[in-house]
Structure formats: C-alpha cells, structure tokens
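Coordinates in review
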Amino acid sequence: MMTIVAHDTLVWFAKTFGLIYLVVLSVVVLCYAFWPSKQKEFDDASASILKKEDRPWQ
Amino acid sequence: MFKLHYKLERRAIGLTLAIIAAASIGGIVEIAPLFTIDQTVEAAPDMRVYTPLELAGRNIYMREGCYACHSQMIRTLRDEVDRYGPYSLAVESKYDHPMLWGSKRTGPDIARLGGKYSDEWHVRHLINPRDVVPVSIMPAYGWLMDNALRTDDLSGQLAAQRAVGVPYTDEMIANAGADVYGQANPDSAAAAGVTSRYGEATTVRLFDGDPQRVTEMDALVAYLQILGKLTDAASQDTAAVETQ
Amino acid sequence: MLSKLTKGEREGGLIILLAMTVIGLVIAIAGRGDPISAHGFLIMLFSMAVAVPVMRHLFDPEPSRDRLDSYYDDPSKVGVVLTFAWGAFAMFVGDWVAWLLVEPNLTFSGAWSSFGRLRPVHTTGVIFGFGGNGLIATSFYVMQRTCRARLPDQLSPWFVLIGYNLFCLLAVSGYMLGITQSKEYAEPEWYADLWLVVVWIVYFVLYLRTLSRRQEPHIYVANWYYMAFIVVVAMLHIVNNLAVPVSLFGAKSHSLFAGVQDALTEWWYGHNAVAFFLTSGFLGMMYYYLPVRAGRPIFSYRMSIISFWGITFMYMWVGSHHLHYTALPQWVQTLGMTFSLVLLVPSWGSAANALLTLNGAWHKVRDDATLRFMMVAAVFYGLTTFEGSFMAIRSVNSLSHYTDWTVGHVHAGALGWVAMITFGALYASIPWLWKRERMYSPALVELHFWLALAGTAVYVFAMWNSGIIQGLMWRTYTENGNLAYTFIDSLVAMKPYYIARAIGGLLFLLGALAGCLNLFLTIRLAPGEAEAERAGSGPAYGRPSAAALQAGE
C-alpha cells in the first residue's frame, strides 16, 4: 500500500526541500526583523512591559 | 471597535498558523519517508510474532520500567558488537508496538539476551539480583513470582496488536488464554497448540519452575528468552561494522 | 476566592465537576478487574473534593463589577503554590531514585516503590508537575500584563489549571499502579492523554481570547514563545500518543507505530518536548520576567524574534540525533546532526540577549538573588545548548549515548535552566501576586540560590565524570584485541559518582524546600504593599526607575 510513492523519491524530496525551506524562511524572518518601519513597533513593545500601572486598559 | 478586534484576532491566528507551518516541516520530512522503508529494509521471512505469554511478559517489562535502564538496540560500533552480539536491524523490532530501544544503559543492553542464561538464573536474578551478581544495583522483583498472570484480557491485547498491524490470526486471538497456559506447561495438552500456531522453534517450558500456575515470572522470563530470537536476520547480515 | 466567580461560572464549574464525578464512577465500575478502575475512583474523588468548596459558595452574591478593573490572578496564585508542591515532591522522588542507584535496597518491598516505577514519577513530576504548573501560572500572569487585558472569563483558567493537575495526578499515580505506555516522557496511557488534549484546547483558546482583547496591535514576544509552547506541544502530544486501546474500560493501549518509525516518532516527540515544553515556554518566562526584574528593556527585540523562528523551525529536525548508529537510516541521522549544530545559533542568540540585557544592571544581579537566579539560568541555557549540539555530533554521541553523560546534560538543562528560571520568575511574581512588599525572607531566597547552584554543579560534574568513564570503559580494548572491562567493572566504577550525584540532588531539594517555606511565610506573614508604603518604604524591586530605562539605550 506504500508503493504509491517510492522511498527514494521521498528521501530525495526530504533532502532538497528541507534546505530550500530553511533558506526561504531565514530570509523572510530576517526581512521581518530588520524591516525599517518595524523599528518603532519593536521599541514600543520592549518598553511596554516596563510600564508601571498594573491594571487592564478597559 | 469591531474592525480593530478583527485585525487583532487575525494577527494572533496568523502567528499560530506560522508556528504550525514552521514547526511541522521538520517532522514531516524526516518521518514520512520511514513509512516507505519496507522497500529498502532487509527482509526477514522467518520473523514470527510474540506469543501471548511473551507479549504479556513484554507488557510487564514495560510496566516495571525496565526500559529506563536497559537498551535493546546494539549500535553499529565494534565494541558493542563484540560485547553484545550482531548489531540490531530495523526489521527485528517491526512488531514492537511501541519499540523498547531505550536510551540509557544503567544495566547492559539486552537485545540479544535470549538463550544466554538459563530460566533458573533469570528467576533467581529477578527475585534478588544480588544473589547471582553480588555488586548489581538492579531492583528486586519478588512480586513477579507471587502474582498470577492476568489472562482474561489477552485476546483483547492480541486483537489490539492486530489493529495496529501485527499479523495475528483469528485462531491466535481466540486461543490466547490457552496458549499462555500451554507455553508455560510443556506437559499439558495445550502445549501442542502453541507450537502449531507459533512454530516449532517456540520455547515451551516451565519458565518459573512452578507447574501449579502461570505467574508474571513465567511471562517475563519467556519474553527475556525470546529477545533477539524472533528472526535470524541479524546474524546473516554481514555488513561492515564501523570502528571508532 | 470562589465568591469572585460569577454565579454562572460557579454553576458551570459545578456541572463540569459533577459530570466528571459520574464519569469517574462509571470508569471505576465498568473497569473493575483492571487497573483503570483505581483511576476511575481517583477521578471521582478528585472531582468531588473540588466540587465541595464550589457548592459551599454556590449561593454567594454576584461579585461586584470592580473585579474587571484588575487582573484575574487567583489561578496564578494557586498555580504558584502547586508549582512549589510538585517541585518538592518530584525532586524528593528524584533524589530517592538517585540513592537507589547507590543502594538498591533503600525502598519498600511493594512494586509501587521500585526504581522502574518511581523513575517516571520523578521525570513526569518535574517536567509536567513542576514545569507545567510553573508555565501555566506564569503564562496567565504574563499574557494579562503584556496584553493589558483581563482574562476573558474566570472559569476556563481554573479548568486549565485544575484539569492539568488531574492529568499529572493520573500520570504519576498510574506509574505506581503499573499503568504506563512506556514511551519516555509520554508514559501516561490513552485516556489521560485524551484528557490532556481537552485541557490543552481550552488553554489554547483561552490564550487566543486574551490576545484578542489587547489594545496594541503588536503581540509582545514572550507570548510568541508561550504560544509556540502550547501549539507545538499539542501537535507532538497527539501524534506521539496515537494508540489503540485494548478496551474502552481498560488502561492498556498499543502504540500505533512500531520499531524504527516509532523510535523516530518518539524522539521527534522527546526532543521537541525539550524544545517546546522545556525551552520555548521558559524562554517566554525569561523574556518577560528578566527585563521587568532588571528594570531594563530586552537588549535586542529583533534578536528575540530571530531566535524564536530559529528555534521553532530547527528543533523539529534534530530528534534523530538520539538514534545515531542505530537501525535508523543514516541520512536521517546526518540531517539531525546538522540541524543540531545550526540550532546553536538561535539558542545562543537567546542566551546572549538575556545576559546583554543585564549589562549595566550587574549591581542588581549582585544584590538580588531573584535576578541572579534568572542570570544563572541564562548562562546554563547557553552551556546546555552548546553541550547538546556537541553531543549530537555522531562521533561524540558514540561515546556519550547510553551513558550518564546524557543524564548530566539533561540535568544541566533541567536544574540549571528550567528550575532556575522558574524559581527566579516565581520569586519575582509572588510579591506581585499577593501584594507584598517582597518575599518574607530575602535570606532564604539567597540560601535557595546557593543550594541550587551548588547542587547543580555537584550533580553535573559527577555525571560528566561517570558518563565519560563509562563510555571509555565500554570501548577500551586490551592489546590482544579483547574488551578490557566487563559491564560490571564499569558499574562498580560508577559508585562514587552516584553518591556525589545523590548529594547534589539533595542540596537542590533542600533549596526547593527553603523556597516552599519562604512561600508559606510570605503568604502568611509578609507585610502588604499598602502597609509598607505607609511605613515609608516603597517596593524594592519590580518597579523600573526612569534612570534604569535610559542607561544603555
């Protein structure tokens, strides 16, 4: 029942696709992290947890 | 307000989906090909399934946590092969649901324990390991000799094993209770049924030395004596061993 | 505490508990003759015990609307207490089994107390009991603060916390009764696994609902780590525990996978439980508590994001390094090893990020044992991830695998990283949660810190020694080409290290007990914040000063 896809094909796919996925994902994450307009959002976020008031905004 | 809410939700769900996408790939890519491994792995036509008594013993092995200290996986390293015997093949554990390869050797590997010691040695060793190996730190398992083996659920155990892919026949499932008794009582009428269903090479013995009843000791010793003996494939495999 | 719940919540809770009581009774009766029957009784008694106080407060008046003006911290408080309780229990069992390896007769004659049954009690108690409760308690705290939103309702957090502890109880009591599916770190049987799935779905939905109540579009990075913990653990748990039960009212099940597929699935699970339970969740803890306690924003927010995706993506590939030189195909082993090495980059990114955040606040680290717990945790995280990558190299693994080195590595992570960051986060939260000025005794926190550090160091050094000696003895040949040592020779050589390990564990346990005492004293005796302010002394920590914010920006 497992002969629909050959073992060698799957192994080949595993070896190549994983690498491609790694590279693409790295690029996407680096772009996201270093996107210039995101700078302010990140700065605000890292400062946000240090605010004094200890109650919900609503 | 609704619009903001919607946007916020979308971010949180987007994050979740991104996590799933990033995290699932590695597992899929590595595990999926293994389900086609039958195409490449060595065949073992002589491979037999565990008898009900051995399967019950295996359940006891799991229940007592033996796998925490004993591995059942001899690696392809020269010293391991010299110490324990031919290295383990994938096919040897193909009926092991779940596998018991283990991850720690506080005690030695026991993948090829079967036939190495007598039944009597195992019984004494399990009742108090220090009687036979004075410096051993293995726990004593005295209750195995006291507990009668539970047999009422064995047909169900075999049926569940078949459901996950082990080729037990209807006949094996129906006779599980009788086969347990037969394998541990060679003089009984039920003994012949065991060898007819599981093969002539099946060990039919008075494992715990007590003919009165079938104990958990019978089951565990029967299991320990079959380790590495379900197939002969490993001793025929002559591939080179890696040296460090 | 219970009168803070609305009437509807109290009624809903009671219905769930009564339904659980009935289910427990059905399991107890239908499963008689099978070990599952004992668990039926356990579920029934547990549900009844929780139902009693709910019934006593059932007709209390509706709580005032004021409650909506503050965060809902009661589940976190109970979670903190449970974390300490599970920690003390599981570390005690851990030290017990450590002594059993020195002197195997130090136990009772009953089956329940043999090494093989107690060992999973220790691992489950520590990972799921101590670690899991710590994660749940802090995640409720952190998600509310970072979203600046109250939990959406007051029933589901209780369901998650209490339901999760029921799972832990079923797991731990099951091993002692002989109920286990023997998959390492996933030993609970099918029905406990199913129950955890239910609890986990409620937990996940609760997290999403809280997130959707926030005002800022951006989600603070600690929540990403907590989310990854919740989502991926669900995925791992479900796939690895696929099994066919023998009967509907029987404890035993048979794993769907066999042999080599099962081995890889198990270690895919096993290693990623380390990644997403013991790393991702605790990194979430670190990315909130460490900056807040130090009063400084995280050194690089970008680095925390890059590390996040690095860890989330790459960990999934590395499980196969547990199976070097086995019957697993070699290409999978190589892939596991390669990704293990690359994984060092995001791991060290997180460790460096934590330590650089403290740059400029070292005087606080010197004076404040709570912050020092977190600092040491970050150092151990860096060391352990380096060691892990190193041990994933095939040739190193050929020596280290199956030996005590692995045990030492795991404990460097569990004691040095997981427990230290948890204790740091708990010591920071306790005064905040109970509105106290500080912990009752800073001296006890200091004592706990040094006991924990000494215990970890003794433990890890003992296991490095024993592991490497073991590995070398097993592979040493005489000049004639025979193996130089029998297995028993190596066992005898381990004895001094096993004694040292048990002593190290004892020190760590004593530290945790000092923590329990301090928790009790803080809840009972420490002055409240209001009183302290009246006396003219403001809270010492946890309130960032303006000066600290500017330094190093």
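To start, this report covers the structure provided alongside it.

Conventions we followed
- Residues numbered from 1 in each chain as written.
- Chains lettered and ligands numbered in written order.
- Predicted model: local features only at pLDDT ≥ 70, side-chain atom pairs only at ≥ 80, totals over all residues.
- Heavy atoms only, no water.
- Core = buried A, V, L, I, M, F, W, Y, C linked by side-chain atoms within 4.5 Å.
- Buried < 20%, exposed > 50% of the residue type's maximum accessible area, 1.4 Å probe, protein only.
- Helix = DSSP H or I, 4+ residues; strand = E, 2+ residues; numbered from the N terminus.
- Contact = heavy atoms within 4.5 Å.
- Polar contact = N/O pair within 3.5 Å; in protein donor to acceptor, adjacent residues only side chain to side chain.
- Phe/Tyr/Trp six-rings, centres within 6.5 Å; stacked < 30°, edge-to-face > 60°.
- Lys NZ or Arg CZ within 6 Å of the ring centre and 35° of its normal.
- Buried area = accessible area lost by both parts, 1.4 Å probe.
- Salt bridge = Lys/Arg side-chain N within 4 Å of Asp/Glu carboxyl O.
- 1 Å grid on protein atoms, 1.4 Å probe; cavity = no way out; pocket = protein on both sides within 12 Å on 5 of 7 lines; lining within 4 Å.
- Points joined across faces, edges and corners; volume = space filled by probe spheres on them.
- Nonpolar A, V, L, I, M, F, W, Y, C, P; charged D, E, K, R; others polar.
- Expected span 1.5 Å × (residues − 1).
- Axes fitted to C-alpha atoms, helices over the stretch in contact; angles between N-to-C directions.
- Parallel < 35°, antiparallel > 145°, perpendicular 65-115°, else oblique.
- Left-handed = near helix turned anticlockwise from the far one by under 90°.

Membership of the largest hydrophobic core comes to 252 residues, with the highest contact counts inside it found for B:Y168, C:Y164, C:F277, C:Y289, C:F313 and C:F423. In terms of residue count, helix α8 (residues 259–294) of chain C provides more of this core than any other element does, 21 residues in total. If we ignore the near neighbours within four places in the chain, the residues touching C:F277 are C:I127, C:F128, C:G131, C:G132, C:L135, C:Y164, C:W200, C:F229, C:V233, C:N272 and C:F282.

Residues and elements named next belong to chain B. Looking at the element boundaries, Y223 is found in helix α11 (residues 216–226). Taking C-alpha positions, Y223 is 7.1 Å from L55, a pair spaced 168 residues apart along the chain. Contacts of Y223, omitting those with residues within four sequence positions, involve Y50, E54, G57, R58, Y61, Q72 and L100. Looking at Y223, its side chain comes within polar contact range of the side chain of Q72, at 3.2 Å.

Right, let's talk about the packing of aromatic side chains for a bit. With the rule as written, the count across this model stands at 53 aromatic pairs over all chains. Taking 5.8 Å as the distance between ring centres and 40° as the angle between the ring planes, the aromatic pair formed by C:F84 and C:F423 counts as tilted. Here C:F423 lies in helix α15 (residues 404–433) and C:F84 lies in helix α3 (residues 74–100), a separation of 339 residues in the sequence. Residue class for C:F423 comes out buried when judged on its relative accessible area of 1%. Through a chain of ring-to-ring contacts, three or more aromatic side chains come together here, namely A:Y32, A:F42, C:Y220, C:W224, C:Y225, C:Y287, C:Y301, C:F308 and C:W309. The positively charged end of B:R78 is found above the aromatic ring belonging to C:Y477, 3.9 Å away from the centroid.

Right, let's get into the interface of chain C and chain B. For an interface, size is often stated in terms of accessible area lost upon the parts coming together. The interface of chain C with chain B comprises 97 residues on the first partner and 81 residues on the second. When chain C packs against chain B, the two sides together hide about 7500 Å² of surface, and 67% of this comes from carbon and sulfur. Connecting chain C to chain B are three salt bridges. Of the charged contacts, one joins C:D404 and B:K104 as a salt bridge, the two residues approaching to 3.0 Å between their closest N and O atoms. Viewed at the interface, chain B and chain C are joined by 23 residue pairs in polar contact (both at pLDDT 80 or more). A total of 10 residues in the side of chain C that touches chain B trace back to one element, the largest contributor, which is α8(C).

Turning to the interface of chain A and chain B, a few remarks are in order. Listed by partner, the interface residues are 13 residues for chain A and 12 residues for chain B. Counting the surface lost from both chain A and chain B, the interface buries some 1100 Å², and carbon and sulfur atoms represent 69% of this. The interface formed by chain A and chain B holds two residue pairs in polar contact (both at pLDDT 80 or more) in total. Take the side of chain A that touches chain B: its biggest share by element is seven residues, from helix α1 (residues 7–34) of chain A.

Moving on, we get to the layout of surface pockets. Considered as a void within the structure, the largest pocket measures approximately 980 Å³ in volume. If you trace the largest pocket, you find 49 residues lining it, with B:H70, B:P108, B:H125, B:S136 and B:M138 closest to the centre. Mapped onto the lining of the largest pocket, the elements with two or more residues apiece are α3 (78–84), α4 (119–127), α6 (143–146) and α11 of chain B together with α4 (115–147) and α17 (487–525) of chain C. With four residues, the single largest contributor to the lining of the largest pocket is α4(B). Among the residues making up the lining of the largest pocket, the classes are represented as 28 nonpolar, 16 polar and five charged.

This brings us to helix α2 (residues 52–63) of chain B. Because an α-helix packs 3.6 residues into every turn, residues spaced three or four apart end up facing the same way. Compared with the 16 Å implied by 1.5 Å per residue over 12 residues, the 16 Å span of α2(B) between its first and last C-alpha is a close match. Of the residues one or two after α2(B), B:G65 is the one with positive phi, at around 70°.

In the structure shown here, the tally under the stated rule is nine cavities of 30 Å³ or more. In this structure, the second largest cavity spans a volume of roughly 210 Å³. Residues of the lining of the second largest cavity, tallied by class, amount to nine nonpolar, five polar and four charged.

Attention now goes to the environment of B:L8. Structurally, B:L8 can be placed in helix α1 (residues 2–31). For the pair B:L8 and B:A44, spaced 36 residues apart in sequence, the C-alpha separation works out to 57 Å.

Residues and elements named next belong to chain C. Where α4 meets α8, the closest approach of the two axes is 10 Å, and the angle between their N-to-C directions is 40°. The angle between α4 and α8 falls in the class oblique. The handedness of the crossing between α4 and α8 is left-handed. Of α8, the residues touching α4 (which contributes I127, F128, G131, G132, G134, L135, T138, Y141, V142, R145 and T146) are Y269, F277, L278, G281, F282, M285, Y288 and Y289.

By the definition in use, this model includes 29 salt bridges over all chains. Between C:R119 and C:E184 there is a salt bridge, with its nearest N and O atoms 3.6 Å apart. A residue pair is termed long-range when its members are at least 10 positions apart, and C:R119 in helix α4 and C:E184 in the loop between α5 (156–177) and α6 (190–211) qualify at 65 residues. This pair shows no difference in class: C:R119 is buried, exactly as C:E184 is. A salt bridge links C:R372 to C:E446; the nearest nitrogen and oxygen atoms lie 2.7 Å apart. Placement of C:R372 in helix α13 (residues 369–391) and of C:E446 in helix α16 (residues 442–475) is noted, with a sequence separation of 74 residues between them. With relative accessibility at 25%, the residue C:E446 sits in the partly exposed group. Linked through salt bridges whose partners overlap, the residues forming this network are B:R63, B:E64, B:E216 and C:R117.

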